[in-house]
Amino acid sequence: MRHYFRTAVFALALIWTGQALGQSNPKKGYIITNSQDTIYGTVDYRSNTKNAKSCLFQANGETTFKEYSPKDISGYRFDEDGIFYVSRTFPVDGVQKEFFAEFLLKGGVCLYYYPEGDNDYYFFVKEDGEVVQTKKSRASNIDEQTAIHEKQAIVAAVSKVFTKSPKAVYDIQKRTYRKDNLIRVTRAYDEEFCSEYGDCVQFEQDIKKALPVKFRFLVEAGVAAGKVKAEYAHFDNPDFSGAVPMVGAGIEMSFPRHIPNLALQAKLVYMNWSMKNTEPAINDKESENKISGSEFGIMVGLKYQFFPNSPVVPFLAVGGHAMTIGKFEVEQRGPHLGNGVQSDSWGVNGIGVYFGGGIDIKAGKHAVRLAVNHVPGRGHMNKTETSYTSFTAGFLF
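**Student:** Got a sec to walk through the overall build of the protein chain? Specific residues and values, please.
**Tutor:** Looking only at helices and strands, the protein chain has five helices and 19 strands in total. For the protein chain, long-range pairs separated by at least 24 residues make up 56% of all intrachain contacts whose partners lie at least 6 apart in sequence.

Structure representation (structure tokens):
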């Protein structure tokens, strides 16, 4: 067990080291030149702060990335209606600054986002062109009095924006001050009060595509080639092996913007052990031994994806495993028992590690997963040890 634990720790260290060395996160996208031409290629999907300062872009057919400042281009965007950055000059705490602002909503009142230091800045641009800035601190150690003053300043600022709707100001005051809530309130205000003909809201960011954390759910089924050493039963031959069915369901949490190659995974698995073996009895005849039991297990660990943007994504996984079998039943039938049956049962619990790999085959927004995992012998109570290698097919959604 210690050997497997050291192996798992070493594998995790390699994963983290590999992630630290790989800094780029290429995504399909395009830039918009100052003459309003669109050039398609690949954009490096970095942090909010880095994206606001510059754009790293590699045009289709080129072999290197080029860095663009807000003066060089009009904006850039990620494919599939992804995050949209536009070059803007806004007053940040009274100082005019030019940067790539994250475009959240275009309408009678437009909304932009810009991070700097520990602060989130939101800029509301009214129909007459007036710019109103609000600021929200991300610092975790902000005191209560400072938080109250910050909230009062935000309410005073948005009161200048939503002049026709006390309800909009009230909603801002009561809701958590974040992108999705600001987009929702600003959109409602635009749709009710804008003076333009046609669509009052011409663009709205899909906030789900801007989230730093992505959750996916997994369901899977397959078989496990398992082994059981049931010494508790006092058989002459305590070793059993065979293939047993298994199913699983879990959740996967990834960080596509900041750590594109890594994901955390947690999974519940169920398998029904049912195996037989034989051992010498009397008069050159054999007795038959049978074991059965339902195992519930939980697997928690890390997944490393080698090419997260390709249609087929190979991966490795490693982590911890815990299991329980509430009732492990054994039967022995043989001539020494007068062809009768001798039975017994006991509970089994254990912990250990797992490691494996597989591929995710993308299918639109979802993926088909083919995976192999190995769970080495787990130390158990009642002198019972189980291990298996599983082969599963699953669906990520």
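Still to come is the rest of the account.
**Student:** Quick rundown of helix H3 (residues 144-161)? Include the residues and the values.
**Tutor:** Residues that lie three or four places apart on an α-helix share one face, since the helix turns once every 3.6 residues. Over its 18 residues, H3 runs 26 Å from end to end, which matches the ideal 26 Å to within 8%, given 1.5 Å per residue. Every buried residue belonging to H3 is among Glu150, Ile154, Val155, Ala157, Val158 and Val161, and all of these are buried. Taken end-on, H3 shows its buried residues confined to a sector of 165°, consistent with a single buried face. In the core, the buried residues of H3 are packed alongside strand E9 (119-125), strand E10 (131-137), helix H4 (166-174) and helix H5 (179-193). Where H3 begins, one side-chain oxygen reaches toward the backbone nitrogen of glutamine 145, 3.2 Å away; that side chain belongs to aspartate 143.

**Student:** Give me a nonpolar patch on the surface: which residues, what numbers.
**Tutor:** Nonpolar side chains collect at one region of the surface, where Phe215, Phe217, Val219, Ile251, Val312, Ile361, Val368, Leu370, Phe395 and Phe397 lie side by side and expose about 800 Å² of accessible area between them. Along the chain, the position of leucine 370 falls in strand E18 (residues 366-380). On the accessibility criterion, leucine 370 (39% relative accessible area) is partly exposed.

**Student:** Lay out the packing of aromatic side chains with the relevant residues and their values.
**Tutor:** This model, assessed by the stated rule, comprises 25 aromatic pairs. Taken together, a centroid distance of 6.3 Å and an interplanar angle of 35° make the contact between tyrosine 114 and tyrosine 121 tilted. Each member of the pair tyrosine 114 and tyrosine 121 is classed as buried. One Lys or Arg, lysine 303, reaches over the ring of phenylalanine 315 and ends 5.1 Å from the middle of that ring. Of note, arginine 369 hangs over the ring of phenylalanine 315, and the distance from its end group to the ring centre comes to 4.8 Å.

**Student:** Describe unusual backbone geometry, with residues and values.
**Tutor:** At glutamine 36, a position not held by glycine, the phi torsion is positive, near 70°. Examined against the element boundaries, glutamine 36 turns out to sit in the loop between strand E1 (26-33) and strand E2 (38-44). We classify glutamine 36 as exposed; its relative accessible area is 53%.

**Student:** Give me the lowdown on the pattern of salt bridges, citing residues and values where you can.
**Tutor:** Within the structure shown, the criterion is met by 20 salt bridges. Notably, a salt bridge pairs lysine 136 with glutamate 150, separated by 3.8 Å at the nearest N-O pair. Placement of lysine 136 in strand E10 and of glutamate 150 in helix H3 is noted, with a sequence separation of 14 residues between them. For glutamate 150, a relative accessible area of 16% corresponds to the buried category. The partner of arginine 369 in a salt bridge is glutamate 252, with the nearest N and O atoms 2.9 Å apart. Placement of arginine 369 in strand E18 and of glutamate 252 in strand E13 (residues 239-255) is noted, with a sequence separation of 117 residues between them.

**Student:** A description of H5 should follow, citing residues and the corresponding values.
**Tutor:** With 15 residues, H5 should cover 21 Å at 1.5 Å per step; its first-to-last C-alpha distance of 21 Å lies within 8% of that length. Burial in H5 covers these residues: Lys179, Asp180, Asn181, Leu182, Ile183, Val185, Thr186, Tyr189 and Asp190. Packing partners of the buried residues in H5 comprise strand E7 (95-107), strand E8 (110-116), E9, H3, H4 and strand E11 (201-204).

**Student:** Go over the environment of valine 300 with me, naming the residues and quoting the values.
**Tutor:** Position of valine 300 relative to the elements: it lies in strand E15 (residues 286-305). Sequence separation between valine 300 and leucine 268 is 32 residues, and the spatial gap between their C-alpha atoms is 9.0 Å. Setting aside chain neighbours within four positions, we find valine 300 in contact with Gln265, Ala266, Gly319, Gly320 and Tyr354.

**Student:** Tell me about the packing of H3 against H4, residues and numbers included.
**Tutor:** A pair of packed helices is captured by two measures, namely the crossing angle of their axes and the spacing between those axes. The contact between H3 and H4 brings their axes to 10 Å, and the two run at 160°. The angle between H3 and H4 places the two elements in the roughly antiparallel class. Two packed elements cross with a definite hand, and for H3 against H4 that hand is right-handed. Contacts between H3 and H4 involve Lys151, Ile154, Val155, Val158 and Ser159 on the former and, on the latter, Val169, Ile172 and Gln173.

What counts and what doesn't
- Residues numbered from 1 in each chain as written.
- Predicted model: local features only at pLDDT ≥ 70, side-chain atom pairs only at ≥ 80, totals over all residues.
- Heavy atoms only, no water.
- Helix = DSSP H or I, 4+ residues; strand = E, 2+ residues; numbered from the N terminus.
- Contact = heavy atoms within 4.5 Å.
- Expected span 1.5 Å × (residues − 1).
- Buried < 20%, exposed > 50% of the residue type's maximum accessible area, 1.4 Å probe, protein only.
- Arc of directions from axis to C-beta.
- Polar contact = N/O pair within 3.5 Å; in protein donor to acceptor, adjacent residues only side chain to side chain.
- Patch = residues over 30% accessible without salt bridge, like charges linked within 9 Å, V, L, I, M, F, W, Y side chains within 5 Å.
- Areas by Shrake-Rupley, 256 points an atom, 1.4 Å probe, with all protein chains shown as cover.
- Salt bridge = Lys/Arg side-chain N within 4 Å of Asp/Glu carboxyl O.
- Phe/Tyr/Trp six-rings, centres within 6.5 Å; stacked < 30°, edge-to-face > 60°.
- Lys NZ or Arg CZ within 6 Å of the ring centre and 35° of its normal.
- Axes fitted to C-alpha atoms, helices over the stretch in contact; angles between N-to-C directions.
- Parallel < 35°, antiparallel > 145°, perpendicular 65-115°, else oblique.
- Left-handed = near helix turned anticlockwise from the far one by under 90°.

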